[in-house]
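Letter by letter, the chains look like this.
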Amino acid sequence: MQATYLKINPADSVVVCLEPKKKGDIIKIDGRAITVNQDTPAGHKVLIKDVAQKEDIIKYGYPIGHAMQAMKAGDWVNENNLKTNLSGTLEYTYNPVNEPLNISKQNRTFKGYIRKNGDVGIRNEIWVVPTVGCVNGIAERLVNKLKAEVNGGVDNIYAWHHNYGCSQLSEDHENTRKVLRDICLHPNAGAVLVLSLGCENNQPEEFMAMLGDYEKDRIKLLVTQRVDDEMEAGMQILHQLYDIASKDVRTDVPVSKLRVGLKCGGSDGFSGITANPLVGEFSDWLVAQGGTSVLTEVPEMFGAETILMNRCTSKELFEQTVSMVNNFKNYFLSHGEPVGENPSPGNKAGGISTLEDKALGCTQKCGKAPVSGVMEYGDRLQNPGLNLLSAPGNDLVASTALASCGCHLVLFTTGRGTPFGTFVPTMKIATNPDLARRKANWIDFSAGQLIEGRTMQELVPEFIDKVMALASGEPAKNEINDYREISIFKNGVTL
């Protein structure tokens, strides 16, 4: 008989319901029979021992908060009776943990586009990148016109709309410039038209200088205020770019070249026991092949951050991770916001009660690999292996940040469902079988099979094959639906 509840760690004081429980149902665990005291939805937690007021409640082997009042075994644990232990910044001690992956190399390849600088793309698209939001409309017209005039030849043609590039100061302005630079240099673009107005703060010549040593036949600038007919000038450049990019072909590339972003959104109580651990297994496999994965959503590390800190391969990386976490906490506090006020209404409805509960599930996505790099927002990848990236939890902002740092695709786990994608393929992995069935037009892979009797050992090879197919050109559902956009992090004032 298939289990209907799960105790994740031997130290846990709760079980997770794999299907709804009715008041009076019996849970048999650790040699005891516990009566469920309230109707409890699937994905939610039932207490398996009595706890006193303010006593910690344990899930994943770690505290996920404390009881707001004395509670009995069999009680439904939720946001109404469980309170976060998080407050402000902390001091941390480096206690390195070195756990070998013991995963063999498989010499897998995917079909990618090898760029002149040795970088590799998994798509060959033409992009129009506005330096300022004022030219978004022109960018869209140019893209639509080129699509109407050419037939195939490249994987797709896009304009990446945003609201910024002017009326920003200091860090916000630099963040915008960095993300737009990173998009222009991304290997999933076979060619890029940088589209400028001319009078914006993000001055075109200064921006182009930020690109460094780029391929000048594949990345070109048009300043619309300096030409009489921006559509005619833009189309002339785009046709030149198309002629070059349309000649690119896919070739076999070692999987060590693949870079994936790790993201979750619309999480539920199954996220930390199905989709996130599955992605964690993939991340470890990819790292063992010499590839790269990137974990972000710093606020969703709060409560699980010491796990990541102790996996850092050096004291320097540990200190960078401490700085990243405490800087984000100070960002919250500087705006008068508590650091633990995170789970969304959808998260809570799905069974996530506190930020610690969310974080301990969220960090399952990066498996057990050592942390080999830590990046600030807007930085570009330098180190293979598992990297941490500073960015908020917001789905659009974080996914854009993952793509901007150089990830070829984003693996996005979800329990509630979400259709969006960023400017690289955004593969949706459902945490539960109901979501996968209901939203088959959004979901690329169902990790919910793990609560339907499939084992992790069975599912991991299928998941690897799916990611390899996507890297080789199979479209993700967000690409099929044409749901693609970017969002840039903003902190300061708008002039």
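Small disclaimer: the values here were computed from a predicted structure and weren't measured.

Cut-offs and rules
Residues numbered from 1 in each chain as written. Predicted model: local features only at pLDDT ≥ 70, side-chain atom pairs only at ≥ 80, totals over all residues. Heavy atoms only, no water. Helix = DSSP H or I, 4+ residues; strand = E, 2+ residues; numbered from the N terminus. Rg over C-alpha atoms; globule rule 2.2 N^0.38 Å. Buried < 20%, exposed > 50% of the residue type's maximum accessible area, 1.4 Å probe, protein only. Pairing = 2+ DSSP bridges. Disulfide = S-S within 2.5 Å. Axes fitted to C-alpha atoms, helices over the stretch in contact; angles between N-to-C directions. Parallel < 35°, antiparallel > 145°, perpendicular 65-115°, else oblique. Left-handed = near helix turned anticlockwise from the far one by under 90°. Contact = heavy atoms within 4.5 Å. Nonpolar A, V, L, I, M, F, W, Y, C, P; charged D, E, K, R; others polar. Polar contact = N/O pair within 3.5 Å; in protein donor to acceptor, adjacent residues only side chain to side chain. Salt bridge = Lys/Arg side-chain N within 4 Å of Asp/Glu carboxyl O. Phe/Tyr/Trp six-rings, centres within 6.5 Å; stacked < 30°, edge-to-face > 60°. Lys NZ or Arg CZ within 6 Å of the ring centre and 35° of its normal.

S.K.: Is there a simple way to explain the overall build of the chain in this structure?
M.R.: When helices and strands are tallied, the chain shows 13 helices and 23 strands. In terms of C-alpha radius of gyration, the chain reaches 24 Å, essentially the compact-globule figure of 23 Å for 495 residues. Based on the C-alpha atoms only, the size of the chain along its principal axes is roughly 80 × 45 × 40 Å. The burial tally for the chain puts 58% of its 495 residues in the buried class.

S.K.: Any chance you could explain the pairing of strand 20 (residues 385-389) here in plain terms?
M.R.: Along any regular strand, the residues point their side chains to alternate faces of the sheet. Burial analysis of strand 20 places 5 of its 5 residues in the buried class, the great majority of the element. Pairing of strand 18 (residues 292-295) with strand 20 involves 4 bridges; the strand directions are parallel. Note on strand 20: the bridge partner recorded for threonine 292 is glycine 385. With 4 bridges connecting them, strand 19 (residues 371-375) and strand 20 associate as parallel partners. Bridged to methionine 375 within strand 20 is leucine 389.

S.K.: Quick question: what am I supposed to make of the state of the cysteines here?
M.R.: Two cysteines form a disulfide when their sulfur atoms are joined by a covalent bond. For the structure shown, the criterion picks out 0 disulfides. Cysteine 366 forms no disulfide, and the closest cysteine sulfur to it belongs to cysteine 362, at a distance of 8.3 Å. Unpaired in terms of disulfides, cysteine 407 finds its nearest cysteine sulfur in cysteine 405, a separation of 3.9 Å.

S.K.: Sorry if this is basic, but what is going on with the packing of helix 1 (residues 136-149) against helix 4 (residues 230-245) here?
M.R.: Between two packed helices, the angle of one axis relative to the other and the distance separating the axes together describe the packing. Here helix 1 crosses helix 4 at 50°, and the two axes come no closer than 10 Å. Relative to helix 4, the element helix 1 lies oblique. Handedness of the helix 1/helix 4 crossing: right-handed. Mapping the contact onto sequence places Ile138, Arg141, Leu142, Lys145, Leu146 and Glu149 in helix 1 and Glu230, Met231, Gly234, Met235, Leu238 and His239 in helix 4. Across the contact of helix 1 with helix 4, the residue classes break down as 6 nonpolar, 2 polar and 4 charged.

S.K.: Just checking my understanding: could you explain the packing of helix 5 (residues 275-288) against helix 12 (residues 456-471) for this structure?
M.R.: Relative orientation of the contacting elements helix 5 and helix 12 amounts to 65°, with a least axis distance of 10 Å. In terms of their interaxial angle, helix 5 and helix 12 are classed as roughly perpendicular. Classified by chirality, the crossing of helix 12 by helix 5 is right-handed. Residue-level contacts link Pro277, Leu278, Val279, Glu281, Phe282 and Trp285 of helix 5 to Met456, Leu459, Val460, Phe463, Ile464, Val467 and Met468 of helix 12. When grouped by side-chain class, the residues that make up the contact of helix 5 with helix 12 number 12 nonpolar, no polar and 1 charged.

S.K.: Explain the side chain of aspartate 357 here, please?
M.R.: Summarising the element assignment, aspartate 357 is placed in helix 9 (residues 355-362). Among the polar contacts listed, one links the side chain of aspartate 357 to the side chain of lysine 45, at a separation of 2.9 Å. The residues contacting aspartate 357, other than those within four sequence positions of it, are Lys45, Lys59, Tyr60, Ile64, Gly351 and Ile352.

S.K.: What is the right way to read the pattern of salt bridges from this model?
M.R.: Between side chains of opposite charge, a pair can form as their charged atoms come close. A full pass over the atoms with the stated rule returns 30 salt bridges. One salt bridge connects aspartate 119 with arginine 259, and the closest N-O pair in it is separated by 3.2 Å. You can see aspartate 119 sitting in the loop between strand 10 (109-114) and strand 11 (120-121) and its partner arginine 259 sitting in strand 17 (residues 259-264), a full 140 residues away along the chain. For aspartate 119, a relative accessible area of 17% corresponds to the buried category. Glutamate 297 serves as the salt-bridge partner of lysine 365, at 3.4 Å between the closest nitrogen and oxygen. Here lysine 365, found in the loop between helix 9 and strand 19, pairs with glutamate 297, found in the loop between strand 18 and helix 6 (305-309); they are 68 residues apart in sequence, far enough to count as distant. Lysine 365 sits in the buried class, given a relative accessible area of 0%.

S.K.: Can you help me understand the packing of aromatic side chains in this one?
M.R.: In this description, a pair of aromatic rings is defined by centroid distance and the angle of the planes. Summed over the entire model, instances satisfying the criterion amount to 16 aromatic pairs. Between tyrosine 94 and phenylalanine 318 the ring centres are 4.9 Å apart and the planes differ by 25°, which places this aromatic pair in the stacked class. Of this pair, tyrosine 94 sits in the loop between strand 9 (82-83) and strand 10 while phenylalanine 318 sits in helix 7 (residues 315-334), and the two are 224 residues apart along the sequence. There is no split in this pair, since tyrosine 94 and phenylalanine 318 are both buried. Pairwise contacts between aromatic rings join Phe302, Phe328, Tyr331, Phe332, Tyr377 and Phe489 into one cluster. The ring of tyrosine 214 has lysine 216 sitting right over it, with the charged end atom 4.4 Å from the ring centre. Note that lysine 439 overlies the ring of tryptophan 442, its terminal NZ or CZ placed 4.2 Å from the centroid.

S.K.: What is the right way to read helix 10 (residues 395-404) from this model?
M.R.: Along an α-helix, residues three or four apart share an orientation, since each turn contains 3.6 residues. Within helix 10, 9 of the 10 residues are buried, leaving the element largely enclosed by the surrounding structure. Along its buried surface, helix 10 packs onto helix 2 (170-184), strand 17, strand 18, strand 20 and strand 21 (409-414). Of the residues that open helix 10, the one with a side-chain oxygen 3.2 Å from the backbone nitrogen of leucine 396 is asparagine 394. Backbone geometry just downstream of helix 10 places glycine 406 in the positive-phi region, at approximately 125°.

S.K.: Would you mind showing me how to read the sheet that holds strand 10 here?
M.R.: To summarise the sheet geometry, strands pair through backbone hydrogen bonds and adopt either a parallel or an antiparallel arrangement. Spatially, the 3 strands line up as an open sheet ordered 11-10-16, and their pairing is antiparallel. The open sheet has two edge strands, strand 11 and strand 16 (251-254), and neither has a second partner. Bridge count for strand 10 against strand 11 is 2 bridges, and the pairing is antiparallel. Its bridge partner being in strand 11, isoleucine 114 is matched across the sheet by valine 120.

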